[in-house]
Amino acid sequence: MQPIRDLTKTLPNSPGVYQFLDKQDVIIYIGKAKNLKKRVSSYFTKQQTGKTKMLVSKIADIKHIVVDTETDALLLENVLIKKHQPKYNVLLKDDKTYPWICIKKETFPRIFLTRNIIKDGSEYFGPYPSVKTARTLLDLIHELYPIRSCKLNLKSENIAAGKFEVCLDYHIGLCKAPCVGLQSEQDYLENIKQIRQIVKGNFKEAIEFFKQQMLNYAANLEFEKAQDIKDKLASLKNYQARSTVVNPNINNVEVYNIVSDASLAYVNFLQVGHGAIIRSHTLELKKRLDETDQELLELAIVEIRQRFNLQTKEIFVPFKLHILNNIKQTIPQKGDKKRLLELSRRNAVYFRLEKLKQLQLTDPDKHVNRLMKQMKEDLHLPVEPRHIECFDNSNIQGTNAVAACVVFKNGKPSKKDYRHFNIKTVKGPDDFASMEEIITRRYQRLLEEKADLPQLIIVDGGKGQLSSAVKSLKKIGLYGKISIIGIAKRLEEIYYPNDSVPLYLDKKSETLRLIQKARDEAHRFGITFHRKKRLNSTLQTELDQIPGIGPKTGLKLLQTFKSVQRIKAATQSELAEITGPYKAAVIWEWFHKK
């Protein structure tokens, strides 16, 4: 490792890209730096953990490329990562070819969908995140404008020579037959000019044109043609309405936001033009090291701008980025701009949830592994909590005190392992002492039986209940061997032993949802047992006091008469049908004496 450290001393204090190579001379990591010497040295001077520690242990050589600015370094890093696909770099999960709308460079230009860009002077608009989006726009264009679909060479000399005949498109109104001179090139190009504005997201010019045309036809009493134009106008407005309309003063900007978990990040991009969102795309990135949201967002922005060939001069982002110095960065704080940023984040969240649901259905094991890894990171646990046990107390003013323990394995309830507890040593309503008792009883028994212990204990309650549980674990020698937390219901705070400051998890996080699910399940299981015990207790005070009447007879009577009140009201002969004459007489006499 010392020769590698020596290499870092010779690196320049300039922006650039560095490459780590292993013993086989294979590039295993590519990174960018504002200062190459400081950045690369930090790998060897700081205490590293996890994947970064593993990466450093495999470095056998370092190469670097010096550039002028940090932005240049980011762009070069992006290109080199795509080329070499290093093992420890962020993986861009979708690198497919996206569709474009092409206006062909030719006489009477055709308009069509393509995935291949040919540099012949044709205009390409896009790319579009989905073929469906592009086809919807193309269908609208063909509905509004009679554009030719044939591949004929419509040079003026060919048309003048009468080389072509009209086709079916002309007869059904989809084309005005420029091939035989029935439409002038000037008229055709006027349509192309308006189409160009529509695909850019500017509908204003086309709407004004159709409105004027409709009024002209109506003034000339050509009502059928006016109605036809009115229908086209309605289609255009309907399509425009489907674009999310924002403040018309917000024009020609890009909006970026990010959500991430332990292994993946999702960056959403919205393009806003002429007061409407005209494009949306979410990029999935697989983490390889402990990349920050800032690093991932910078990488994603460069990738998206290259992929969609964006030239916008302003971007909205959630925090300051150290790249793209030639582009204005806005961090919205309120108003329509802030709402756009929140919309972008919401899109990223929904995309992530959709991916997680798909993963849960197609690969449940992978979903569980990801969830366990996320919980370990969120709760700062030493190991993944594959086995979780959650405890809750239940009593009414200290009567019929019970407790419940529910067990979750791999994030799912394991109902065969659920346990009820009757509180034995505590008198009156004392939740702290009750918690101490059940934790002691539960884990003493597991130790005696040499059964598997959980990786995480969850206590329903705040600092008081948690302290009682910790006291029990210390008593039986398990404190420090099992992680334990408490969840307080009011604000869903997570408490740790010997720490008065709670942890607040994101309300939508999967970790908090699983903890809440375990807590609610323990509460449900405990309440059900408490109700059952309370009911039995109520029955005992009425029937079990009668001499000579046991629980089986009492149960028979309740099954027939449904309540103690009806048993009291029954005649002796009605009771005799269930219990026999002797017991019927005893029961009837007992109630009527009282």
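None of the values given here were measured: they were computed from a predicted structure.

*Asks:* Summarise the overall build of the protein chain; cite the residues concerned and give the values.
*Replies:* Helix and strand counts for the protein chain come out as 20 helices and 20 strands. Scaling as 2.2 N^0.38, a compact globule of 594 residues should have a C-alpha radius of gyration of about 25 Å, whereas the protein chain reaches 37 Å, well beyond that. Counting only C-alpha atoms and orienting by the principal axes, one finds that the protein chain spans roughly 120 × 80 × 40 Å. The buried share of the protein chain, taken over its 594 residues, is 48%. A separation threshold of at least 6 residues defines the contact pool for the protein chain, and within that pool the share at least 24 residues apart is 60%. Of the roughly 31,900 Å² of accessible surface on the protein chain, a fraction of 51% belongs to carbon and sulfur atoms. Charged side chains in the protein chain number 99 positive and 68 negative. The centres of these two groups are separated by 4 Å.

*Asks:* If you had to explain unusual backbone geometry to someone new, which residues and values would you point to?
*Replies:* Across the chain, the bulk of peptide bonds are trans and the bulk of non-glycine residues have phi less than zero. Of note, Asp25 is a non-glycine position whose phi angle comes to about 65 degrees, a positive value. Tracing the backbone shows Asp25 in the loop between strand 1 (16-21) and strand 2 (27-33). The phi angle at Glu492 is positive, at roughly 55 degrees, despite the residue not being glycine. Here Glu492 is to be found in the loop between strand 18 (483-488) and strand 19 (493-496).

*Asks:* How would you explain the nonpolar core if you had to name every residue and give the values?
*Replies:* By size, the foremost hydrophobic cluster in this structure holds 30 residues, and its most contacted members are Ile111, Leu137, Tyr145, Ile147, Ile192, Ile195 and Ile198. Listed by contribution, the elements that provide at least two residues to this core are strand 5 (100-103), helix 5 (131-144), helix 8 (185-199), helix 9 (204-219) and helix 10 (223-242).

*Asks:* Please set out the packing of helix 17 (residues 551-561) against helix 19 (residues 572-579) residue by residue, giving values where relevant.
*Replies:* The contact between helix 17 and helix 19 brings their axes to 10 Å, and the two run at 120 degrees. By the angle between their directions, the pair helix 17 and helix 19 is classed as oblique. Where helix 17 crosses over helix 19, the two elements pack in a sense that is right-handed. Contacts between helix 17 and helix 19 involve Thr553, Lys556, Leu557, Thr560 and Phe561 from the first element and Glu574, Leu575, Ile578 and Thr579 from the second. Grouping the constituent residues of the contact of helix 17 with helix 19 by class yields four nonpolar, three polar and two charged.

*Asks:* How would you explain helix 2 (residues 36-45) if you had to name every residue and give the values?
*Replies:* Listed as buried for helix 2 are Leu36, Val40, Ser41, Ser42, Tyr43 and Phe44. Residue Asn35 occupies the N-cap position of helix 2, its side-chain oxygen lying 3.2 Å from the main-chain nitrogen of Lys37.

*Asks:* Explain helix 9 to me, using residue names and the numbers behind them.
*Replies:* A rise of 1.5 Å per residue sets the reference length of helix 9, with its 16 residues, at 22 Å; its end C-alpha atoms lie 23 Å apart and thus fit the reference within 8%. Within helix 9 the residues assigned to the buried category are Ala206, Ile207, Phe210 and Met214. Down the axis, helix 9 shows its buried residues gathered within 100 degrees of arc, on one side only. Opposite the buried face of helix 9, at more than 90 degrees from it, the exposed residues are Lys204, Leu215 and Ala219. After helix 9 finishes, the residue Leu221 shows a positive phi value of roughly 60 degrees.

*Asks:* Give me the pattern of salt bridges: which residues, what numbers.
*Replies:* Summed over the entire model, instances satisfying the criterion amount to 22 salt bridges. Arg196 serves as the salt-bridge partner of Glu123, at 2.8 Å between the closest nitrogen and oxygen. Residue Glu123 is found in strand 7 (residues 123-125), and its partner Arg196 is found in helix 8; the two are separated by 73 residues along the sequence. The exposure class assigned to Glu123 is partly exposed, which follows from its relative accessible area of 28%. Note on Arg196: relative accessible area 23%, which makes it partly exposed. A salt bridge links Glu437 to Arg441; its shortest N-O distance comes to 2.7 Å. On the criterion of helical spacing, the pair formed by Glu437 and Arg441 is a turn pair, its members being four residues apart in helix 14 (residues 431-449). Given a relative accessible area of 8%, Glu437 falls into the buried group. Each member of the salt-bridge network shares a partner with another, and the members are Glu106, Arg110 and Arg148.

Here is what the cut-offs are and how they apply
- Residue positions are given per chain, counted from 1 along the sequence in the order it is written.
- Reporting in this predicted model follows two pLDDT cut-offs: at least 70 for local features of residues, and 80 or more for side-chain atom pairs to be given and counted; totals over whole chains, interfaces and linings ignore these cut-offs and use all residues.
- Only heavy atoms go into the side-chain values, all of them from the structure, while hydrogens and water stay out.
- A run of H or I in DSSP counts as a helix once it spans at least four residues, and a run of E counts as a strand once it spans at least two, with each numbered from the N terminus.
- Radius of gyration here uses only the C-alpha atoms, and the compact-globule reference equals 2.2 Å multiplied by the residue count raised to the power 0.38.
- Here the term buried applies to any residue with accessible area under 20% of the maximum for its type, exposed to any over 50%, and partly exposed to those in between, with areas from a 1.4 Å probe on protein chains only.
- Should any heavy atoms of two residues lie within 4.5 Å, those residues are considered in contact.
- Using the Shrake-Rupley algorithm and a 1.4 Å probe, accessible areas are obtained, with residue cover drawn only from the displayed protein chains.
- Positive residues here are Lys and Arg, negative ones are Asp and Glu, while His and the chain termini are left out of the count.
- Every charge is mapped onto a representative atom, which is NZ of Lys, CZ of Arg, CG of Asp or CD of Glu.
- Buried residues of nine kinds, namely Ala, Val, Leu, Ile, Met, Phe, Trp, Tyr and Cys, make up a nonpolar core once their side-chain atoms join them within 4.5 Å.
- Only C-alpha atoms enter the line fits that serve as axes; for helices the fit covers just the stretch in contact. Angles between N-to-C directions range over 0 to 180 degrees.
- Our angle categories are set so that under 35 degrees counts as roughly parallel, over 145 as roughly antiparallel, 65 to 115 as roughly perpendicular, and the remainder as oblique.
- The handedness criterion is simple: a crossing whose near helix is rotated anticlockwise from the far helix by less than a right angle is left-handed, and one whose near helix is rotated clockwise is right-handed.
- Amino acid classes used here: Ala, Val, Leu, Ile, Met, Phe, Trp, Tyr, Cys and Pro are nonpolar; Asp, Glu, Lys and Arg are charged; the rest, including Gly, are polar.
- Between N or O atoms, a polar contact is any pair within 3.5 Å; within protein, one atom must be a potential hydrogen donor and the other a potential acceptor, and residues adjacent in sequence are included only when both atoms are from side chains.
- In this analysis, the expected span of each helix is defined as 1.5 Å times one less than the number of residues it contains.
- Taking the helix axis as origin, the arc is that swept by the directions to the C-beta atoms.
- Between Lys or Arg on one side and Asp or Glu on the other, a salt bridge is scored when a side-chain nitrogen of the former is within 4 Å of a carboxyl oxygen of the latter.

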